[in-house]
Amino acid sequence: MHEIRIEHFMLGSFKASPEDMASLAGSSFKIANRVPDTEGEAFDWQLWYAKWVEQASGSVSIPAPTHLIVEAADTFEALIPWEELGDAAVLYALEGQRLSQTGPIRLYVPNGSSKCLNVKSIVKLSMVKHNAEAATEKAAYGFKNTFSVNELRKNK
């Protein structure tokens, strides 16, 4: 089972399958409704988040995050300002089946500071709260520069 790790600055760490996330959102739609020329079934990010927080917190009022950090299996990472996620959608299935090549889930963020930021093969979602100095106004994304100790020694 492919699970996504979900971390929240106040609520801690959780794991969920794409199907569990879609079920919690309560409704799904064709992703082409928000992202033309794209296929598959998706759920609304904001709707899912609201229901997830309610379930995880026991209905306690929680301040909104400032950013979402999305991490992919291939070390791609995106830092997205929370206010850009209004139209965001999570693709979780194609023709009723789990995503095989771009799964377990894929996030699409239309109408943000990037024309249509999307991150495939997501393995971790982190909702964070940055202070004003650390906050960014635009989405930032790219591959993490990760090297093993042995790789660093070879380059001496």
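Keep in mind that what you see is a predicted model, and the values were worked out from it rather than measured.

Remarks on the sheet that holds strand 12 (residues 140–143)
Thought 1: Pairing within the open sheet is mixed, and its six strands lie in the order 2-1-11-5-6-12. Of all the strands in the sheet, just strand 2 (12–16) and strand 12 have a single pairing partner and so form its edges. Within this sheet the neighbouring strands show an average axis-to-axis angle of 15 degrees, counted without direction.
Thought 2: Across four bridges, the pairing between strand 1 (residues 4–8) and strand 11 (residues 122–128) is parallel. Opposite Ile 6, over in strand 11, you have Leu 125 as the bridge partner.

Things to note about unusual backbone geometry
Thought 1: A cis amide bond, omega 20 degrees, links Gly 103 with the succeeding residue Pro 104.
Thought 2: You can see Pro 104 is positioned in the loop between strand 8 (97–98) and strand 9 (106–110).
Thought 3: The residue Thr 75 is not glycine, and still its phi comes out positive at about 75 degrees.
Thought 4: Checked against the element boundaries, Thr 75 lands in the loop between strand 5 (67–72) and strand 6 (76–81).
Thought 5: Phi angles above zero are rare outside glycine, and Ser 121 is one such case at about 55 degrees.
Thought 6: Within the secondary structure, Ser 121 is located in the loop between strand 10 (116–119) and strand 11.
Thought 7: By relative accessible area, Ser 121 is classed as buried at 12%.

Points about helix 2 (residues 45–57)
Thought 1: Look at helix 2: 18 Å from first C-alpha to last across 13 residues, which is about the 18 Å you get at 1.5 Å a residue.
Thought 2: All of the buried residues in helix 2 are Trp 45, Trp 48, Tyr 49, Trp 52, Val 53 and Ser 57. Angularly, the buried residues of helix 2 cover 135 degrees about the axis, an arc narrow enough to put them on a single face.
Thought 3: Capping the start of helix 2, Asp 44 holds a side-chain oxygen 3.1 Å from the backbone nitrogen of Gln 46, two or three residues further along.
Thought 4: Positive phi shows up at Gly 58, right after helix 2, with a value of about 75 degrees.

Analysis parameters
- Residues numbered from 1 in each chain as written.
- Predicted model: local features only at pLDDT ≥ 70, side-chain atom pairs only at ≥ 80, totals over all residues.
- Heavy atoms only, no water.
- Pairing = 2+ DSSP bridges.
- Helix = DSSP H or I, 4+ residues; strand = E, 2+ residues; numbered from the N terminus.
- Axes fitted to C-alpha atoms, helices over the stretch in contact; angles between N-to-C directions.
- Buried < 20%, exposed > 50% of the residue type's maximum accessible area, 1.4 Å probe, protein only.
- Expected span 1.5 Å × (residues − 1).
- Arc of directions from axis to C-beta.
- Polar contact = N/O pair within 3.5 Å; in protein donor to acceptor, adjacent residues only side chain to side chain.

The analysis is restricted to geometry; functional conclusions fall outside its scope.
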